[in-house]
Structure formats: C-alpha cells, structure tokens
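# Structural features, examined
These are the residues of each chain, in order.
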Amino acid sequence: MMLGMRRPRVATMAVLALGCLTGPLVGRFLPASRGLPFQAPDGRHILGTDALGEDVLARLVECAPGTFLVPGAAAATLVVVGTLLGALLGLGPSGLRAVVLRAGDVLLIIPPVALTLVIVLGLGAEATTMVAAVVLTGLVPFTRVTAGATAQLARCGHVEVAMGLGDGLLRIAVRDVIPILTGVIAAEAGLRLLAAIQLVAAVSFLGFAPGLGDSWARALRENITGFSLNPWACLAPGMALVLATALIALIAASVERGGRDDRP
C-alpha cells in the first residue's frame, strides 16, 4: 500500500528533475529571435519579450535548471551531513547530544537570509558558497529531527545487540539505523529542499548572487521595471516559482505523513 502511494510522488519528482535538466535543450526549439524590449505577447512571442527583447517563454524554460540545481545540491549535501551527524548524536551519550544541539541553536537565532547574506558577501556569491550557506542554515533542524528519531531507535533490541558486540557507532548508524529512518529522512529532506529553493530565490532576487547564473528569481528582478509594458515578463517567472514550490511543498507534506508511520 505504501509503495503504491509513493510511486506518484517519485514520478512527480522525476518529472521535475528531468524538466530542469533538459530546460536549455527544450529552449532551443522556442523562438530565438529578439524583439523590442518588453514587447507585448503576439503570434511569435506567446508571452512577449523581456528586458533584453528575448522571448519570455524561452527564457522561462532555460532558467529552470539555475532555479533548482543549486538548492538541490545544497539539500542533498545537507541530507548526507545531517543524517550522519544526527544518527551519531542519537546513538551517543544523551548529555553530549544535548550540549551539541543547544550550541547549534545559536544559529537559529539569526534569520536564514541574514546569515546567508553574510556568508555570500564575505566569501563571494558562488554556487559552492551558497550551498555552504544553505547547509549551515538548515543543519541544526535536520540534525535535531534525525537525532531524536535515532535516540528512540537506539533502545531497540537489534541496536543494543550491535552495541553489545562492540560495533562502532558509524557502522551501527549506517547499517542498523539509517535504513529504518528513510521515511523520516525523506520527509525532512523535502522540507529542507523547499527552504533551500526559497532562500536561494530570495538572495537572487535581492541581487546578491550574480555568480549563480540565470534563474526565475533573477528574471523576475531584471524584468520588474517593465511590468507596465509587459506584465508577463515578471508574472511568468514569478508564477512558475510559486507553482513549483507549492508542488514541492505538497509532496513534502505527503512524504511527512507517510514518514510518521516509519518513526519508531
């Protein structure tokens, strides 16, 4: 039953990933000739043109990879680091876990956008810098969830037996804990991906991340001055970003409901 429920979610995420990766290729088949800046929609340019006179629909497709690749890489890195760290803390002494998580709570005091801007302005607006910023802003919540679930699972018989046999914490985490917590990890990963997309989009819209390349948020920022001439130059990337994040949020909520059944 659970397998049948997860298939639509996996298929949807696969379609989104495929669309993002093939965006530039699909964009080649759309109108490439430039018109006047902020030209209204017509028979050749369905959504009109943007600030540079390029077709809005073509740019919308071409900017899709830049919108999701950096947040996706950041979320994937966060999942790997947060899962291992949370599992090790959950299997370790409760006192150590409490101290580490309390120390990490200091990062939660700083708004994610402010912390990201400090990192980006200090180290440069590159993809690797943005990935590091997203990981840093989301590591504490992700680790807390994973550590809590692991601490409950540590009282199970097979984990206690593995500890009694002298297996290392890393071996127990990878072999005995993480495979059981895949539902919890997937649910939290979906939420972290959503937060990463929103954070990267906010920084790009504010103009502090030119090194990230083209994205829907950057297109929205560049075309906002011509809203009165061709609203679709702003509405198209804005609506695409809202719809994509809403769809990911729905999938994350669905995965979270399924992940509750996997919690020990």
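As the structure is a computational prediction, the values presented were derived from the model and not from experiment. (Residues numbered from 1 in each chain as written. Predicted model: local features only at pLDDT ≥ 70, side-chain atom pairs only at ≥ 80, totals over all residues. Heavy atoms only, no water.)

## What to know about the side chain of Thr146
In plain terms, the rule: Helix and strand definitions follow DSSP, with helices as H or I runs of at least four residues and strands as E runs of at least two, each counted in order from the N terminus. Under the scheme applied here, a residue whose accessible area is under 20% of the maximum for its type counts as buried, over 50% as exposed, and between as partly exposed, the area being computed with a 1.4 Å probe on protein chains only. Here a polar contact is taken to be a pair of N or O atoms separated by no more than 3.5 Å, where protein atoms must pair a possible hydrogen donor with a possible acceptor and residues adjacent in sequence count only if both atoms sit in side chains. We call two residues in contact when some of their heavy atoms are within 4.5 Å.
Examined against the element boundaries, Thr146 turns out to sit in helix 7 (residues 127-153). Classification of Thr146 by relative accessible area gives buried; the value is 4%. At a separation of 3.0 Å, a polar atom in the side chain of Thr146 contacts the main-chain carbonyl oxygen of Phe142. Non-local contacts of Thr146, meaning those with residues more than four positions away in its chain, are made with Gly82, Thr83, Gly86, Ala87 and Leu181.

## Some thoughts on the side chain of Arg192
Structurally, Arg192 can be placed in helix 10 (residues 182-205). Of the residues examined, Arg192 reaches a relative accessible area of 18% and is grouped as buried. With sequence-adjacent residues up to four places away left out, Arg192 is seen in contact with Leu78, Gly138, Pro141 and Phe142.

## A few points about helix 9 (residues 169-177)
Note the following rule: This arc is taken over the directions from the axis of the helix to the C-beta atoms.
When we look at burial in helix 9, the residues that qualify are Ile172, Ala173, Asp176 and Val177. Along the long axis of helix 9, the arc covered by the buried residues comes to 110°, so they all point the same way.

## Topic: the nonpolar core
General note: in soluble globular proteins, nonpolar side chains tend to be found buried as a group. For the record, the criterion: Nonpolar core, defined: a set of buried Ala, Val, Leu, Ile, Met, Phe, Trp, Tyr and Cys residues in which side-chain atoms within 4.5 Å join the residues together.
By size, the foremost hydrophobic cluster in this structure holds 32 residues, and its most contacted members are Leu91, Met130, Val134 and Val177. Secondary structure elements with two or more residues in this core: helix 4 (64-91), helix 6 (112-123), helix 7, helix 8 (157-164), helix 9 and helix 10. With eight residues, helix 7 is the largest single contributor of residues to this core. Apart from residues lying up to four places away in sequence, Val134 is in contact with Ala74, Ala196, Leu199 and Val200.

## Points about the packing of helix 7 against helix 10
This is how it is decided: Here an angle of 0 to 180 degrees is reported between the N-to-C directions of two axes, which are lines fitted to C-alpha atoms, with helices fitted over the stretch in contact. Small angles under 35 degrees read as roughly parallel and large ones over 145 as roughly antiparallel, with 65 to 115 read as roughly perpendicular and the rest as oblique. The crossing is said to be left-handed when, going from far helix to near helix, the turn is anticlockwise and less than a right angle, and right-handed when the turn is clockwise.
It is the contact of helix 7 with helix 10, at a shortest axis distance of 10 Å, that shows an interaxial angle of 155°. With respect to their mutual orientation, helix 7 and helix 10 come out roughly antiparallel. Note on packing geometry: the crossing formed by helix 7 with helix 10 is right-handed. In contact with Met130, Val134, Thr137, Gly138, Pro141, Phe142, Val145 and Ala149 of helix 7, helix 10 contributes Val184, Ile185, Glu188, Ala189, Arg192, Ala196, Leu199, Val200 and Val203.

## Focus on helix 5 (residues 94-109)
Put simply, the rule is: Helices are assigned an expected span. That span is 1.5 Å times one less than the residue count.
Its 16 residues give helix 5 an end-to-end C-alpha distance of 23 Å, which sits within 8% of 22 Å, the value for a rise of 1.5 Å per residue. Those residues of helix 5 not exposed but buried are Arg97, Leu101, Gly104 and Asp105. Looking straight down helix 5, one finds its buried side chains confined to an arc of 130°; they lie on one side. In helix 5, the exposed positions angled more than 90 degrees off the buried face are occupied by Val99, Arg102, Val106 and Ile109. Elements in contact with the buried residues of helix 5: helix 4 and helix 7.

## Digging into the packing of aromatic side chains
Put simply, the test is: Within 6.5 Å between ring centres, the rings of Phe, Tyr and Trp (the latter by its six-membered ring) count as paired, and their orientation is classed by plane angle as stacked under 30 degrees, edge-to-face over 60, tilted in between.
Taken as a whole and judged by the stated rule, the model has one aromatic pair. Ring geometry for Phe68 against Trp216: centres 5.4 Å apart, planes inclined by 90°, an arrangement best described as edge-to-face. Here Phe68, found in helix 4, pairs with Trp216, found in helix 11 (residues 216-223); they are 148 residues apart in sequence, far enough to count as distant. When sorted by exposure, Phe68 lands in the same class as Trp216, which is buried.

## Quick word on the UniProt feature "transmembrane region" (unreviewed entry) in the protein chain
Formally: UniProt positions are given in the numbering used here, feature names are shortened, and annotations may be inferred rather than shown by experiment.
The UniProt feature table records "transmembrane region" (unreviewed entry) at residues 68-91, 103-123, 129-147, 193-212 and 232-255. Secondary structure across residues 129-147 comprises 100% helix and 0% strand; the distance between its end C-alpha atoms is 26 Å. Helix makes up 65% of residues 193-212 and strand 0%, whereas the separation of the span's terminal C-alpha atoms amounts to 17 Å.

## Remarks on a nonpolar patch on the surface
The test is simple: Every patch collects residues that have over 30% relative accessible area and no salt bridge, joining them within 9 Å if they carry like charges and within 5 Å if they are nonpolar side chains (Val, Leu, Ile, Met, Phe, Trp, Tyr). The protein chains shown are the only cover counted for residues, whose accessible areas, like all others here, come from Shrake-Rupley with a 1.4 Å probe. Whenever a carboxyl oxygen of Asp or Glu lies within 4 Å of a side-chain nitrogen of Lys or Arg, that contact is scored as a salt bridge.
Taken together, the side chains of Val80, Val81, Leu84, Leu88, Met163, Leu169, Leu170 and Val174 present a nonpolar region at the surface, about 600 Å² in accessible area. For the nonpolar patch, the secondary structure elements donating two or more residues are helix 4 and helix 9. By the secondary structure assignment, Val80 is in helix 4.

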